[in-house]
Structure formats: structure tokens, C-alpha cells
Amino acid sequence: MTAVKGYFDGQNYITEGNVAVKQNQRFIITFLDEFEPQKKATCRGIAAQYANPKLIPQEDSVAKQAFSGENE
């Protein structure tokens, strides 16, 4: 039996380290009352090399305003 640590990011289960799992291998998931610190937004994809991470909060604010319909 192998124990694996990880966390749920809201959509996926993220394991710490590589896990070799075979087809039809059974497993048990145990949920702990411990939480990972929330990670800050990061720039992703090819644009990340040109992005300024310091502007992320400002961009988030502009995006929220644009999609809220407040400017109409």
C-alpha cells in the first residue's frame, strides 16, 4: 500500500510528487481537516513571459467591473 499526500484545488485532486497508478487499481481517499494556503493568481501560458505579475490585482479589478455590467 502507498500513501500519497495532495490537495483539492476546487476542480482537481493535485498530488504531491509523481504517483504510478495501474489500471483498475483500487484506492482510498481520506479527507483531512487541514488546508493548503490559498495560492495567488499567476500568469499562465505563452503570455506569462511578457506579463507583469504586479498588475494581476489591477487586471482582476478591471475584469470584474467589465463583466459585472456596471459600465453599461
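Above this note sits the structure.
J.: Would you explain the overall build of the protein in this entry?
T.: In terms of regular secondary structure, the protein is built from 1 helix and 2 strands. Secondary structure elements of the protein occur, N-terminal to C-terminal, as β-β-α. Total accessible area on the protein stands at roughly 7800 Å², and carbon and sulfur atoms take up 52% of it.

J.: Teacher, can you tell me more about the packing of aromatic side chains here?
T.: How two aromatic rings sit relative to each other is set out by the distance from centre to centre and by the angle between their planes. Inspection of every chain in the model, using the stated rule, returns 2 aromatic pairs. With a centroid separation of 4.8 Å and an interplanar angle of 40°, the aromatic rings of Phe8 and Tyr13 are classed as tilted. Residue classification places Phe8 among the partly exposed positions, given a relative accessible area of 45%. Judged by its relative accessible area of 53%, Tyr13 falls in the exposed class. Aromatic pair Tyr13 and Phe31: ring centres 6.3 Å apart, planes at 55°, arrangement tilted. With a gap of 18 residues between them, Tyr13 in strand E2 (residues 13-15) and Phe31 in the loop between E2 and helix H1 (56-68) connect regions that are remote in the sequence. Connected via pairs of aromatic rings, a cluster forms that spans Phe8, Tyr13 and Phe31.

J.: Sorry if this is basic, but what is going on with the layout of surface pockets here?
T.: Sizing a probe to match a water molecule and rolling it over the atoms shows the empty space that remains. In this structure, the largest pocket occupies an estimated 1300 Å³ of space. Taken together, 26 residues make up the lining of the largest pocket; nearest its centre are Val4, Lys5, Gly6, Ile29 and Thr30. Listing elements by their share of the lining of the largest pocket, those giving two or more residues are strand E1 (6-8) and E2. Residue composition of the lining of the largest pocket, by class: 16 nonpolar, 5 polar and 5 charged.

J.: What am I meant to see in unusual backbone geometry here?
T.: For residues other than glycine, phi is negative in most cases, and the peptide bonds are mostly trans. Residues other than glycine seldom take positive phi values, yet Asn24 does so here, at roughly 70°. Relative to the assigned elements, Asn24 resides in the loop between E2 and H1.

J.: Mind showing me how you'd approach the environment of Lys5 here?
T.: Mapped onto the secondary structure, Lys5 falls in the segment before E1. Classification of Lys5 as exposed rests on a relative accessible area of 63%. Once you skip the residues sitting within four places of it in the chain, Lys5 turns out to touch Ile14, Thr15 and Glu16.

What counts and what doesn't
Residues numbered from 1 in each chain as written. Predicted model: local features only at pLDDT ≥ 70, side-chain atom pairs only at ≥ 80, totals over all residues. Heavy atoms only, no water. Helix = DSSP H or I, 4+ residues; strand = E, 2+ residues; numbered from the N terminus. Areas by Shrake-Rupley, 256 points an atom, 1.4 Å probe, with all protein chains shown as cover. Phe/Tyr/Trp six-rings, centres within 6.5 Å; stacked < 30°, edge-to-face > 60°. Buried < 20%, exposed > 50% of the residue type's maximum accessible area, 1.4 Å probe, protein only. 1 Å grid on protein atoms, 1.4 Å probe; cavity = no way out; pocket = protein on both sides within 12 Å on 5 of 7 lines; lining within 4 Å. Points joined across faces, edges and corners; volume = space filled by probe spheres on them. Nonpolar A, V, L, I, M, F, W, Y, C, P; charged D, E, K, R; others polar. Contact = heavy atoms within 4.5 Å.

So, to be careful, I would describe these as geometric facts and stop short of saying anything about function.
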